[in-house]
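# Descriptive structure summary
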Amino acid sequence: MNAPLPRQWDSLRQNRGRRLERAASLGLAGKNGKEIPVDRIIDLLEAVIQPGDRVCLEGNNQKQADFLSEALADCDPARINHLSMVQSVLALPSHVDLFERGLASRLDFSFSGPQGARLAKLVQEQRIEIGSIHTYLELFGRYFLDLTPNVALIAAQAADAEGNLYLGPNTEDTPAIVEATAFKGGIVIAQVNERLEKLPRVDVPADWVDFTVLAPKPNYIEPLFTRDPAQITEVQVLMAMMAIKGIYAEYGVTRLNHGIGFDTAAIELLLPTYAAELGLKGNICTHWALNPHPTLIPAIESGFVESVHCFGSEVGMDAYISARSDVFFTGADGSMRSNRAFSQTAGLYACDMFIGSTLQMDLAGNSSTATLGRITGFGGAPNMGSDPHGRRHASPAWLKAGREAYGPNAIRGRKLVVQMVETFREHMAPVFVEELDAWQLQKVMGADLPPIMIYGDDVSHIVTEEGIANLLLCRTPEEREQAIRGVAGFTPVGMARDKGAVENLRDRGIIRRPEDLGIDPRLATRDLLAARSVKDLVRWSGGLYAPPSRFRNW
Amino acid sequence: METLNFQFASAPASAAADPALCGVVGSGNLEILLNAGDLPNQCVVEIKTSARGFAETWQAVIGAFAAAHPAGGTRIAINDMGATPAVVSLRLAQALAEYQGGAQ
């Protein structure tokens, strides 16, 4: 028998050493410390990144490593190519430039937002290979298994001379990315907004960081979670009243996450008014996994909210958050520490309810935000909008939902996963459809699965202007279908309902109309909103909330 | 623009008061003027809408309103700028309530 070939067991470390030597030979870092002059960034990237590398480019809903992304896109495709990109969000034009310019060829990601149309075009032209579309937690999980980055390009608020990083309120994905990269032979490069002699606090220790570069301008942050109360409609107020009375109150939902949108913003703004009148203060909405929505300010100020852990921060909310450290997670320095991985974990396992919106829903309750010509991805919704089979701790809401779904002797509970939609979107596009666009998109993408955001069997309730459908109480696929048709309003799907079956479901409390809940739709007016403008939110915050200029009209 | 006319049987509305005006003509919204009509058991509706091709949906929305509410003896004029059925139903209910002086 042949003796086994000798194997080198530290090839990653040795490879890392060669990359650092290449940088040092160009006079970058090494003995000179970790600080890279801004005009040498392309030299650095071309020295430490190799063709075929897996590169993580930090960027999510809020914070973006935009300078490093643009620098990478400006590198020479003859030197850097066939990169496999792993990143939470494909949001910036430069993210797509990497593929159009031939630097990168493969992409694993979670969400593509505004670049969805360009991404779809690249896929059709076969200029990009999409590995998979993930939820955030899945993607972070894979960073520690089979998608560990060779190089991570991250964004921090500040660095000191040693290379310690302060991340500020927008900590977001950085800890997960850095941990996976730094401890598996990878290289971590941080763009920073400022250099400080002494950091307010250390979020990433210097020995996990290889290089820092002072970006020419502060990293971009998108105010994604700001909703102007002035745009909330009476129909949204009506749906919010139904959700509060028919779901929040009935299940006693204390721990929850809200999706982005005007529907959930309306609920937040009805807590100090409508929910308080129903005597629900202290009984619902006390603990949140939520970005710091400005529309939550009135509920916080009214004493509804005990605790909020955030995925990231929100533009203009930092001073308010610092002044409310009993509610938000803040450091000794006073500023918030967010963390997407931990908040998503809270959203998955510790929340009793997720409520969000969607663009399309089919008759099995599957929903999708993917429409033809746009590959948008999922973000965190499928994670929080799913019933985790690994959960073992009980709560009243979880037990009640479990008993409705599985009977009085249920050995498990059930997360409440609520989809809240008006039956028509703008331009009379029906939300309820026979077939999701996701199926056609699957063919275009050549994907293994249609991009379904929330699976129908995870959905517990649907709220529309017509009423609430409780899918937990449905016992057959036929009942589910009629329950969905029964709240689908005047969409073609809704008008094709079996009226007798729907009335039967209503008699059994599976479908409930506003009047069944004791709600008079005519009382659904904007007067019920605790704040009716951004200026009202500023007033509620005692002047601490500083909205971005595009939300100011005074 | 498209003009649509419908007439539905409906239980008589209670004590007619002054005409009621509800909503505004703005994108995604509509204006409803509710007057006393000539036929006590009929709800007569004229719609002027910027969105063409939704006659069937209007018929269903107004029909459901006339069946669910006592709207007989009324004449309803609607100026629509692409309101969704949810908004239309809500405004109709508001207009009828105002017309009846909250008698409903």
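Predicted model, so just to flag it, every value in this text is computed and none were measured.

### Some remarks on the overall build of chain A
Of the regular secondary structure elements, chain A holds 19 helices and 19 strands. Taking 24 Å as the expected radius of gyration for a compact globule of 554 residues, we find that chain A reaches 25 Å, a close match to that expectation. Principal-axis analysis of the C-alpha atoms places the extent of chain A at approximately 80 × 60 × 50 Å. The buried share among the 554 residues of chain A stands at 56%.

### A few points about the overall build of chain B
When helices and strands are counted, chain B shows two helices and five strands. The C-alpha radius of gyration of chain B comes to 12 Å, within 12% of the 13 Å expected for a compact globule of 104 residues. Relative to its full complement of 104 residues, chain B shows a buried share of 39%. The long-range fraction of contacts in chain B, counting pairs at least 24 apart against all pairs at least 6 apart in sequence, stands at 87%.

### What about the interface of chain A and chain B?
Between chain A and chain B, the residue contacts involve 14 residues of the former and 14 residues of the latter. Among the elements that take part in the side of chain A that touches chain B, helix α8 (residues 234–251) of chain A stands out by supplying three residues, more than any other. Classifying every residue of the side of chain A that touches chain B by side-chain character gives seven nonpolar, two polar and five charged.

### A closer look at the sheet that holds strand β12 (residues 307–309) of chain A
All names here are of chain A. Spatially, eight strands are ordered β12-β11-β10-β13-β16-β17-β18-β19 in an open sheet, and the strand pairing comes out mixed. The sheet terminates laterally at β12 and β19 (511–512), the two strands that pair on one side only. Note: strand β13 (residues 353–356) against strand β16 (residues 416–420), four bridges, orientation parallel. If you follow I355 over to β16, its bridge partner there is V418.

### A look at the nonpolar core
Residue and element names in this part refer to chain A. In terms of nonpolar packing, the biggest core is built from 202 residues, with L153, I154, A156, M241, A243, L270 and V418 touching the most fellow members. If you tally residues by element for this core, the top one is α8, at twelve residues. In this structure V418 touches A243, I247, M353, F354, I355, S460, H461 and V463, once residues within four positions along its chain are discounted.

### Looking at the sheet that holds strand β4 (residues 42–49) of chain B
All names here are of chain B. Spatially, β1-β4-β5-β3-β2 is the arrangement adopted by the five strands of the open sheet, whose pairing is mixed. Both edges of this open sheet fall to β1 (2–9) and β2 (20–22), since each of them pairs with a single strand only. Taking each pair of neighbouring strands and ignoring which way they run, the sheet shows an average axis angle of 15°. Sheet topology note: the β4/strand β5 (residues 74–81) ladder contains seven bridges and is parallel. Among the inter-strand pairings, V44 is bridged to a residue of β5, identified as R75.

### Let's talk about helix α1 (residues 11–25) of chain A
A rise of 1.5 Å per residue sets the reference length of α1(A), with its 15 residues, at 21 Å; its end C-alpha atoms lie 21 Å apart and thus fit the reference within 8%. Of the residues flanking the end of α1(A), it is G27(A), one or two places downstream, whose phi is positive at about 80°.

### Regarding unusual backbone geometry
Residue and element names in this part refer to chain A. In the Ramachandran plot, Q126 falls in the positive-phi region, its phi being about 55° despite a non-glycine side chain. Looking at the secondary structure, you find Q126 in the loop between α5 (116–124) and β5 (129–133). Look at Q126 and you get exposed, because 8 C-beta atoms sit within 10 Å.

Cut-off values and rules
Residues numbered from 1 in each chain as written. Chains lettered and ligands numbered in written order. Predicted model: local features only at pLDDT ≥ 70, side-chain atom pairs only at ≥ 80, totals over all residues. Helix = DSSP H or I, 4+ residues; strand = E, 2+ residues; numbered from the N terminus. Rg over C-alpha atoms; globule rule 2.2 N^0.38 Å. Buried ≥ 20, exposed ≤ 12 C-beta atoms within 10 Å, placed from the backbone. Contact = placed C-beta atoms within 7 Å. Nonpolar A, V, L, I, M, F, W, Y, C, P; charged D, E, K, R; others polar. Pairing = 2+ DSSP bridges. Core = buried A, V, L, I, M, F, W, Y, C linked by C-beta atoms within 7 Å. Axes fitted to C-alpha atoms, helices over the stretch in contact; angles between N-to-C directions. Expected span 1.5 Å × (residues − 1).

Keep in mind these numbers describe shape, not what the thing actually does.
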